[in-house]
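Tertiary structure, described
Next come the chains, spelled out residue by residue.
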Amino acid sequence: MKIYAFNLNLLTFLLVFSNQCLAQTITVKQAKKLSGEIVSCIKKNSIFSDSLNFISMEKDFNEYVDTFDTYQEVGYYYTWQLRKVGDNHSFYISKRSMENFSKKQKDSIGFGYQLLEGSIGYLNIPGFLSTDYKVVDDFANRIHNAIKELDNRENIKGWIVDLRNDVGGNMWPMVLGLSPLIGNDVPGYFKSGNQSDAYGWKISSPSNGVTIKEPYRLKNPETKIAVLYSKKTASSGEMTAICFIGKPNSRSFGEVTAGYTTGNQIYNLSDGNIFVLASTYVLDRNKKKYMGSIIPDVLIEKSADMKVMEHAKAWLK
């Protein structure tokens, strides 16, 4: 099962612009076919399907079907229906738009790390989405190797994992990259609405299309870890945050997160495009379920300022 956690906010501007540029005209017959596919997909896989009135929804669709000019408009119709019942994470996107956005990640990864005063290892994890396996692997290994470098350069007294700018994307290179800090146990789970069993997150390499070339273990796995949140911490950023919840040596600081805590799955449609659907709930290592924002252990408003760092450093020391 390959689950992603895409943040709609990360893609919004690109979706609107690219989907308009790449809009594909549609006939009534084609619109009805695409509608049937999307409805079937939602019925079988959406964790919000019980909240939808499919009879009313399809009746409204058929009443206005001749007003849809493009495939994108049909996709947007069902995205909006899901929004109305509380699903803020699912969306329709053209395959080319997704590919175009993925290509931009090669030049805008934005990852950074440094050794702070007091022998604190600092890691800044940004949002990241790419379908290029080499780019994905490179990103994960950059994070992993940074941890190794810092850990071998100094007797690290504490770690700061900064997720304040992690607006989402593909969670797997994030968590595989951070695996020396997350640890060896199962840090989280996906659970679909119609299953009793939860699917544990495998973060040992290789996993979910990510391979860590030289897996590293911390010299002191009990070292404290401060995790920083902001309102922009979303989707895969929130999945990464969940990996640290319940660890006895970890504490979170900052603002309440964005609230995109569902697992998304990609469904390929016959029009050549994609419906990204919230298909699973998310649970932490203690099997606590998340359906909205994550509240940090230490709530600090305006998390972009230095106050968050000061609180984190004080706790680490």
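A brief look at the structure comes next. What you see is a predicted model, and the numbers here were worked out from it, not measured in a lab. (Residues numbered from 1 in each chain as written. Predicted model: local features only at pLDDT ≥ 70, side-chain atom pairs only at ≥ 80, totals over all residues. Heavy atoms only, no water.)

A separate point is the overall build of the chain. Helix and strand counts for the chain stand at ten helices and twelve strands. Within the span of the chain, comprising 317 residues, buried residues form 56% of the whole. Taking all contacts inside the chain whose residues are at least 6 apart in sequence as the whole, residues at least 24 apart take part in 78%. Carbon and sulfur atoms make up 50% of the accessible area of the chain, which totals about 14,200 Å². (Helix = DSSP H or I, 4+ residues; strand = E, 2+ residues; numbered from the N terminus. Buried < 20%, exposed > 50% of the residue type's maximum accessible area, 1.4 Å probe, protein only. Contact = heavy atoms within 4.5 Å. Areas by Shrake-Rupley, 256 points an atom, 1.4 Å probe, with all protein chains shown as cover.)

Right, let's talk about the pairing of strand 8 (residues 250-254) for a bit. For strand 8, the tally of buried residues reaches four of five residues, placing the bulk of the element in the interior. Where strand 7 (residues 225-229) lies against strand 8, five bridges are found, and the strand directions are parallel. Residue pairing in the sheet places isoleucine 225 in a bridge with serine 250 of strand 8. Between strand 7 and its parallel partner strand 8, the chain crosses via helix 9 (residues 236-242), and the hand of that crossover is right-handed. Direction of pairing for strand 8 relative to strand 12 (residues 298-299): parallel, over a ladder of two bridges. From the neighbouring strand, phenylalanine 253 faces strand 12, where its bridge partner is valine 298. (Pairing = 2+ DSSP bridges. Right-handed = clockwise from strand over helix to strand, strands pointing away.)

Considering all chains together, one arrives at seven salt bridges under this definition. Of the charged contacts in the structure, one is a salt bridge between lysine 148 and glutamate 214, with a shortest N-O distance of 3.3 Å. On the criterion of sequence distance, the pair formed by lysine 148 in helix 6 (residues 133-153) and glutamate 214 in the loop between strand 6 (199-200) and strand 7 is long-range, its members being 66 residues apart. Given a relative accessible area of 29%, lysine 148 falls into the partly exposed group. As a salt-bridge pair, lysine 231 and glutamate 255 come within 4.0 Å of each other at their nearest N and O atoms. Placement of lysine 231 in the loop between strand 7 and helix 9 and of glutamate 255 in the loop between strand 8 and strand 9 (262-268) is noted, with a sequence separation of 24 residues between them. For lysine 231, a relative accessible area of 56% puts it in the exposed group. (Salt bridge = Lys/Arg side-chain N within 4 Å of Asp/Glu carboxyl O.)

Between its terminal C-alpha atoms helix 6 stretches 30 Å, which fits the 30 Å expected from 21 residues at 1.5 Å a residue. Within helix 6, burial applies to Val135, Val136, Asp137, Phe139, Ala140, Asn141, Ile143, His144, Ala146, Ile147, Leu150 and Asp151. Check the buried side of helix 6 and you find it contacts strand 2 (112-116), strand 3 (120-124), strand 4 (158-162), helix 7 (171-177) and helix 8 (179-182). Put simply, aspartate 132 is the residue that caps the front of helix 6, since its side-chain oxygen is 2.9 Å from the backbone nitrogen of lysine 134. (Expected span 1.5 Å × (residues − 1). Polar contact = N/O pair within 3.5 Å; in protein donor to acceptor, adjacent residues only side chain to side chain.)

Looking only at helix 3 (residues 54-64), the buried set comprises Phe54, Met57 and Phe61. With its buried residues spanning 65° around the axis, helix 3 presents them on a single face. Facing away from the buried side of helix 3 by over 90 degrees, the exposed positions are Ile55, Lys59 and Glu63. Those residues of helix 3 that are buried are in contact with helix 2 (28-45) and helix 4 (71-84). (Arc of directions from axis to C-beta.)

Read across the open sheet, the six strands follow the order 2-3-4-7-8-12; overall the sheet is mixed. Each of the sheet's edge strands pairs with one partner strand only, and the pair in question is strand 2 and strand 12. Relative to strand 3, strand 2 runs antiparallel, the two being bridged by five bridges. Residue leucine 116 lies in a different strand from strand 3, and its bridge partner there is isoleucine 120. Across the sheet, helix 6 lies against strand 2, strand 3 and strand 4, angled at about 15° from strand 2, the strand it touches most. Of the strands in this sheet, strand 2, strand 3, strand 4, strand 7, strand 8 and strand 12 are in contact with helix 10 (residues 306-316), which crosses strand 7 at around 165°. (Axes fitted to C-alpha atoms, helices over the stretch in contact; angles between N-to-C directions.)

Further remarks concern a nonpolar patch on the surface. A cluster of nonpolar residues, Val256, Ile295 and Leu299, forms a patch on the protein surface that exposes about 260 Å² of accessible area. Assessed through its relative accessible area of 60%, isoleucine 295 is described here as exposed. (Patch = residues over 30% accessible without salt bridge, like charges linked within 9 Å, V, L, I, M, F, W, Y side chains within 5 Å.)

Quick look at the nonpolar core now. One recurring pattern in soluble globular proteins: nonpolar side chains tend to sit buried together. Counting 43 residues, the largest nonpolar core has Leu123, Leu178 and Leu181 as the members making the most contacts within it. Among the elements of the structure, helix 6, strand 4, helix 7, helix 8, strand 7 and helix 9 are those that each provide at least two residues to this core. A total of eight residues in this core trace back to one element, the largest contributor, which is helix 6. Apart from the residues within four sequence positions on either side, leucine 178 is in contact with Leu123, Ile125, Ile143, Ile147, Val161, Thr240 and Phe244. In terms of nonpolar packing, the next biggest core, distinct from the first, is built from 23 residues, Val65, Tyr77, Tyr92 and Phe275 among them. (Core = buried A, V, L, I, M, F, W, Y, C linked by side-chain atoms within 4.5 Å.)

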